[in-house]
Amino acid sequence: DAGVTQSPTHLIKTRGQQVTLRCSPKSGHDTVSWYQQALGQGPQFIFQYYEEEERQRGNFPDRFSGHQYPNYSSELNVNALLLGDSALYLCASSSTPGAPEQYFGPGTRLTVT
Amino acid sequence: SQKIEQNSEALNIQEGKTATLTCNYTNYSPAYLQWYRQDPGRGPVFLLLIRENEKEKRKERLKVTFDTTLKQSLFHITASQPADSATYLCALPFTGGGNKLTFGTGTQLKVEL
């Protein structure tokens with residue numbers, strides 16, 4: 001049973017560029033949440049997708065957007081990259097939007113230079 | 001606003017001893033609290049969930065307590081092993097429903113031989 005997978009593993013981008021990160025949820029899960037984790041900090045909630053719609057959003061600017069596909073996989077897009085966007089981006093899946101247990105993927109390490 | 005505090009100083013203990021980590025929170029009455037383990041460069045791994053009406057929960061060598069009056073959770077690892085060395089994160093669900101989480105900054109545990 002495959003867990004949560006994310007791609008790519010690492011990514012280096014230049015300020016001002018755009019990036020797309022991808023996530024496939026755990027089998028049987030239909031809800032995907034995205035988190036940003038800066039070095040030495042705990043993960044911060046970006047947004048959650050369910051039934052192909054953004055359901056909840058954290059305190060992140062509109063430069064952060066996402067998408068969920070019919071197969072429940074999801075993308076996180078970040079436009080106009082800033083140096084401060086350098087972080088580990090984590091995807092978490094759950095069986096429903098309210099299910100307490102969430103399973104995290106290995107993350108994508110984004111470095112903005 | 002909701003705030004979670006974990007001891008930011010690393011905890012070093014000897015193999016075989018019990019490690020105790022603390023999570024304090026303010027401005028919050030969570031329905032449950034979670035503990036995660038995170039290894040460097042990897043995503044958090046779910047360990048235990050304890051609900052507001054539970055005082056204590058155990059899983060193998062792990063024990064979690066939840067005091068809603070003190071607004072505190074303690075996380076214990078008994079008979080600690082070097083393989084337990086990692087960062088441990090405390091997480092609470094946002095108010096307003098759903099399973100989006102607020103995380104503490106984590107406590108790094110190092111178990112020495």
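For the structure itself, consult the block above.
Worth saying up front: this structure is predicted, and the values here are computed from it rather than measured.

**Student:** Break down the nonpolar core for me, with residues and values.
**Tutor:** Counting residues in each nonpolar core, the largest one holds 23 residues, and the members touching the most others are Tyr25, Leu33, Trp35, Phe75, Ile77, Tyr88 and Leu109 of chain B. Residue assignment for this core shows that the elements contributing at least two residues are β3 (19–26), β4 (32–38), β5 (45–51), β7 (62–67), β8 (72–77), β9 (86–93) and β11 (107–112) of chain B. For Tyr88 of chain B, the residues in contact, after removing those within four places along its chain, are Gln6, Leu21, Trp35, Tyr36, Arg37, Leu47, Phe75, Ile77, Gly106, Thr107 and Leu109 of chain B. One finds Cys23, Val32, Trp34 and Phe60 of chain A within the second-largest nonpolar core, a separate group that totals 20 residues.

**Student:** Could you give an account of the interface of chain B and chain A, naming the residues involved and the relevant values?
**Tutor:** If you look at the interface, chain B gives 21 residues, while chain A gives 24 residues. Here chain B meets chain A over a buried area of about 1,600 Å², counting both sides, of which 52% is carbon and sulfur. On the chain B side of the contact with chain A, Asn99, Lys100 and Phe103 of chain B bury the most area, a combined 34% of that side's loss. On inspection of chain B and its partner chain A, the count reaches zero salt bridges. Broken down by secondary-structure element, the contributors of at least two residues to the side of chain B that touches chain A are β4, β5 and β10 (101–103) of chain B. The greatest single-element share of the side of chain B that touches chain A, amounting to four residues, is contributed by β4 of chain B.

Procedures and definitions
- Residues numbered from 1 in each chain as written.
- Chains lettered and ligands numbered in written order.
- Predicted model: local features only at pLDDT ≥ 70, side-chain atom pairs only at ≥ 80, totals over all residues.
- Heavy atoms only, no water.
- Core = buried A, V, L, I, M, F, W, Y, C linked by side-chain atoms within 4.5 Å.
- Buried < 20%, exposed > 50% of the residue type's maximum accessible area, 1.4 Å probe, protein only.
- Helix = DSSP H or I, 4+ residues; strand = E, 2+ residues; numbered from the N terminus.
- Contact = heavy atoms within 4.5 Å.
- Buried area = accessible area lost by both parts, 1.4 Å probe.
- Salt bridge = Lys/Arg side-chain N within 4 Å of Asp/Glu carboxyl O.

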